[in-house]
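# Topology and contacts: notes
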Amino acid sequence: MNEPALNSIASAELIVHDSDLASALSSDPAESFPPVFATRRMIALMELAGAKVLKPLLQPGELSVGFSAEVRHTAATPKGCDRHRHGSLRWA
């Protein structure tokens, strides 16, 4: 695989639906979460944006795997809102 350019950026977006809400993702019926965009769905959207950074560099049949994130999810997003995430690639 070719090396991506430092600080390459790609985006992914999603309209928040019921299945993206924290209230829909609990595996324990005794747990209650608010009907807002779930952090783990936000992280999945970030991962998709990051994969888009690498896609132009992959050969046919190749996939990108692995993901590292530092996340701060500090505001509630209700159903129906449009969320945008940007992925960038930085070399450590």
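Since this is a predicted model, take the numbers as computed values, not measurements. (Residues numbered from 1 in each chain as written. Predicted model: local features only at pLDDT ≥ 70, side-chain atom pairs only at ≥ 80, totals over all residues. Heavy atoms only, no water.)

### Some thoughts on the confidence of the model for the protein
Chain-level statistics for the protein give a pLDDT mean of 82 and a share of 89% at 70 or above. When mean pLDDT is compared element by element in the protein, helix 1 (residues 39–54) scores highest at 86, while strand 2 (residues 82–89) scores lowest at 65. (pLDDT = per-residue confidence, 0-100. Helix = DSSP H or I, 4+ residues; strand = E, 2+ residues; numbered from the N terminus.)

### Points about the pattern of salt bridges
Counting across every chain of the model gives three salt bridges. Two residues, Arg41 and Asp20, come together in a salt bridge whose shortest N-O distance is 2.6 Å. In this pair, Arg41 sits in helix 1 while Asp20 sits in the loop between strand 1 (8–15) and helix 1, placing the two residues 21 residues apart along the sequence. Assessed through its relative accessible area of 2%, Asp20 is described here as buried. The partner of Glu70 in a salt bridge is Arg72, with the nearest N and O atoms 3.5 Å apart. Residue Glu70 shares its accessibility class with Arg72, and that shared class is exposed. (Salt bridge = Lys/Arg side-chain N within 4 Å of Asp/Glu carboxyl O. Buried < 20%, exposed > 50% of the residue type's maximum accessible area, 1.4 Å probe, protein only.)

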